[in-house]
Amino acid sequence: MPPAASTPPAPRPGAPRPAALLLALALSLAGPGLQAAGPGPGSPGVPGVAGVPPPGLLRQAARAALHFLNFRAGSPSGLRVLAAVLRGRAATMRNPPALCFSVPLVISLGGSSVVGIFHQISSQNHVDARRTCRVDLEFTAERYGPEADGRLGRCSARVVFRRQQPRPAVNVTCARFMETSRRRREDLLLYKRAKRLRAPPGATSMPDSHGWIDPSLRPMWDLAFLGSSYVMWERTTQTLHYYMAQLSSVNQWKTNEDAIDFDYTVLLHEFSTQEIIPCRIHLVWYPGKPLKVKYHCQELHTAQEGSGTEGG
């Protein structure tokens, strides 16, 4: 009979790990021309090197800033979405500040870098969610919806993510896309259209399975996006970001008083986990007045509630 297979002995405490042995072997074989290098001034503009944060972190901060801005403005005619990140930096809140993202180990050989074979050994270029991270950035944004005219507005923001906690602190300013008087006129027109709008059947979905939104229902969609901006800002962390995928039902649409009273359910798409999260949202909106929002999101294991009132 063949001998029974034996389990290899576990490494002794303090014994070198296989990854460490592989790295040491590569260094010894390469000779004096090969050296390990961390972040330094030799690679400006490369994400994760010389303090330049990963592009994903900058986009995350820009999206959070715009969600917050949309909610604060309370204007369905002035909704904005991210066009492009221009530049940014990120650091911890410590004094002196430090990087709040990991930096890959770079192995240099005769002026070139060899990273691929050490992919599993080196640190990865990603956000360190254990640290509070302050992101300062500039980006461009564009108008949301079919009325978008291609014009870009420039924005600057400071966004503080607190150790994987939601609701990042945001301070953002943007150049005006339109004059305040024009935005107020468009909000008033949307308000008048919404007042005449009858609530569709409760199970109505926007967009439908073909991606179509009935133009007559566009005011309802824009108001749903406006209320969802608050929810998406409140739920955003360093690594979680959301997009409103669908308005799945209209639970209440009251227009018999001055304000629009809208109770609806949306499906939010969370990109990193690929979860689709239903959130029931109740908003009260009147042009020029602070937007009021309450919501309840139901997830597989937990539920989250929140509310807010802000004025632009």
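Residues numbered from 1 in each chain as written. Predicted model: local features only at pLDDT ≥ 70, side-chain atom pairs only at ≥ 80, totals over all residues. Heavy atoms only, no water.

Student: How should I be thinking about the packing of aromatic side chains in this particular structure?
Tutor: By convention here, two paired aromatic rings are described through the distance between centres and the angle between planes. Applying the stated rule across the entire model yields 9 aromatic pairs. Residues tyrosine 191 and tyrosine 286 carry aromatic rings whose centres are separated by 5.2 Å and whose planes lie at 75 degrees to one another, so their mutual orientation is edge-to-face. With tyrosine 191 in helix α3 (residues 180-196) and tyrosine 286 in the loop between β10 (275-285) and β11 (291-298), this residue pair connects regions lying 95 residues apart in the sequence. According to the relative accessible area criterion, tyrosine 191 is buried, its value standing at 10%. (Phe/Tyr/Trp six-rings, centres within 6.5 Å; stacked < 30°, edge-to-face > 60°. Helix = DSSP H or I, 4+ residues; strand = E, 2+ residues; numbered from the N terminus. Buried < 20%, exposed > 50% of the residue type's maximum accessible area, 1.4 Å probe, protein only.)

Student: Just to check I follow, could you spell out the pairing of β11 for this structure?
Tutor: When a strand is regular, its side chains alternate between the sheet's two faces. Side chains of β11 alternate between two faces, with Leu291, Val293, Tyr295 and Cys297 buried and Lys292, Lys294, His296 and Gln298 left unburied. Two strands pair when backbone bridges link them, and β10 and β11 are joined in this way by 6 bridges, in the antiparallel orientation. Residue pairing for β11: histidine 282 is matched across the bridge by lysine 294. Turn length for the β10-β11 hairpin, with the two strands adjacent in sequence and antiparallel, is 5 residues, and the turn residue glycine 288 shows positive phi of about 85 degrees. (Pairing = 2+ DSSP bridges.)

Student: What exactly am I supposed to notice about the packing of α3 against helix α4 (residues 218-235) here?
Tutor: Packed helix pairs are characterised by how far apart their axes lie and by the angle those axes make with each other. Where α3 contacts α4, the axes come no closer than 9 Å and their chain directions differ by 115 degrees. By the angle between their axes, α3 is roughly perpendicular relative to α4. In this structure, the crossing between α3 and α4 has a hand that is left-handed. Only Arg218, Pro219 and Asp222 of α4 make contact with α3, whose side of the interface consists of Leu190, Arg193 and Ala194. (Axes fitted to C-alpha atoms, helices over the stretch in contact; angles between N-to-C directions. Parallel < 35°, antiparallel > 145°, perpendicular 65-115°, else oblique. Left-handed = near helix turned anticlockwise from the far one by under 90°. Contact = heavy atoms within 4.5 Å.)

Student: How should unusual backbone geometry be read in this particular structure?
Tutor: Glycine aside, a negative phi is what most residues show, and trans is what most peptide bonds show. The step from methionine 206 to proline 207 runs through a cis peptide bond, and the omega angle for that step is -10 degrees. Residue placement: proline 207 occurs in the loop between α3 and α4. The phi torsion at arginine 163 lies on the positive side, around 45 degrees, for a residue other than glycine. At glutamine 164, a residue that is not glycine, the phi angle is positive and equals roughly 65 degrees. Relative accessible area serves as the criterion here: at 30%, glutamine 164 is assigned to the partly exposed category.

Student: Explanation requested: α3 in the structure shown.
Tutor: Structurally, the α-helix is built with 3.6 residues per turn, so residues lying three or four positions apart point the same way. When the terminal C-alpha atoms of α3 are compared, their 25 Å separation across 17 residues agrees well with the 24 Å that a helix rising 1.5 Å per residue should span. Asp187, Leu190, Tyr191 and Ala194 are the residues of α3 that are buried. Projected down its long axis, α3 carries its buried residues within an arc of 105 degrees, all on one side. Within α3, the exposed residues directed more than 90 degrees away from the buried face are Arg185, Leu189 and Arg196. Summarising the contacts, the buried residues of α3 are in contact with α4, β8 (242-254), β9 (260-270) and β10. (Expected span 1.5 Å × (residues − 1). Arc of directions from axis to C-beta.)

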